[in-house]
Amino acid sequence: MNKLNFKLNIVKDYPKPGINFIDINPLLQNPAQFAAAIDAFCTAIKNALPEIKRNQTAIITPESRGFLFAAPVAHALNLPLMLIRKEGKIPNHPYAFRITNEYTSYNMEVDEDLLNNFNSFIYIDDILATGQTLAAVRNVLKKKNKEIIFAIHLTDVAALKPMRDSNKDLQGLPIEIVL
C-alpha cells in the first residue's frame, strides 16, 4: 500500500512524562487530508479483503479516536459498525473486559447482543503503539469464538514495533498502517 505523506504533531511528555502523544488534530482540520486518509483506509481494507462476507463481518473500534475513522469507513464500505466503549456506556447487555496499555489500565465494554451478530471483525483505530488495546480486543473476541481478520490504524509508533512483534497475541494478524 502507498502510505499517505502527512505529518502529525508530537506532544512530548503528554499525558504523562515519557509518553509522546500523537496529535491527530492537524489531519482533522484539513478536509482534503482527512478524506484521503478515509479513502486509504477503504482501499487497504478492499485490497486485504476483496470478498468481505457482509452478513458476517463488522468494523469494530475502541473509544474514542478510533470512532473518527471507523464511522466514515463503515459508511463507505457499507459495513456494520460496533463500538467498544468505556465502562458504563453500553446500555443493553455490556460484555466487560480490561485493557492495559502504555498509559493506564481500564475497563471497556461491547454490546454482547450485537457482538453475537458477527463472526469476524475489521479493527480500526488511530494509533498503534504497544498493541495492547488491539491484543486485548482480539483476546476478548477469541473467547467469544469471533476473530479479527484485519487491523488497520492511521499511524503507528515505529519505535514500539519490536514490542508489538514479540507480542504473541498479535501473531498472525494482518496489520496495516495508513500514514
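Residues numbered from 1 in each chain as written. Predicted model: local features only at pLDDT ≥ 70, side-chain atom pairs only at ≥ 80, totals over all residues. Heavy atoms only, no water.

Peer 1: Which parts of the structure should I look at to understand the environment of alanine 48?
Peer 2: Structurally, the position occupied by alanine 48 is in helix H2 (residues 31–48). Looking at alanine 48, the relative accessible area reads 38%, which means it is partly exposed. (Helix = DSSP H or I, 4+ residues; strand = E, 2+ residues; numbered from the N terminus. Buried < 20%, exposed > 50% of the residue type's maximum accessible area, 1.4 Å probe, protein only.)

Peer 1: Can you help me understand the packing of aromatic side chains in this one?
Peer 2: The tally for this structure, following the rule as stated, stands at 4 aromatic pairs. Summarising the aromatic geometry, the rings of tyrosine 14 and phenylalanine 21 are spaced 5.3 Å apart at their centres and angled 85° between planes, so their arrangement reads as edge-to-face. Take tyrosine 14: its relative accessible area is 45%, and that puts it in the partly exposed class. A centroid spacing of 5.8 Å and a plane angle of 55° characterise the contact between phenylalanine 34 and phenylalanine 69, whose relative ring orientation is tilted. Residue phenylalanine 34 is located in helix H2, and its partner phenylalanine 69 is located in helix H3 (residues 65–77); the two are separated by 35 residues in the primary sequence. Taking relative accessible area as the criterion, phenylalanine 34 reaches 22% and is therefore assigned partly exposed. For phenylalanine 69, a relative accessible area of 0% corresponds to the buried category. The rings of Phe34, Phe41 and Phe69 are connected pair by pair, giving a single aromatic cluster. The residue whose ring lies beneath lysine 144 is tyrosine 95, and the NZ or CZ to ring-centre distance is 4.6 Å. (Phe/Tyr/Trp six-rings, centres within 6.5 Å; stacked < 30°, edge-to-face > 60°. Lys NZ or Arg CZ within 6 Å of the ring centre and 35° of its normal.)

No statement about biological role is implied by the geometric values presented.
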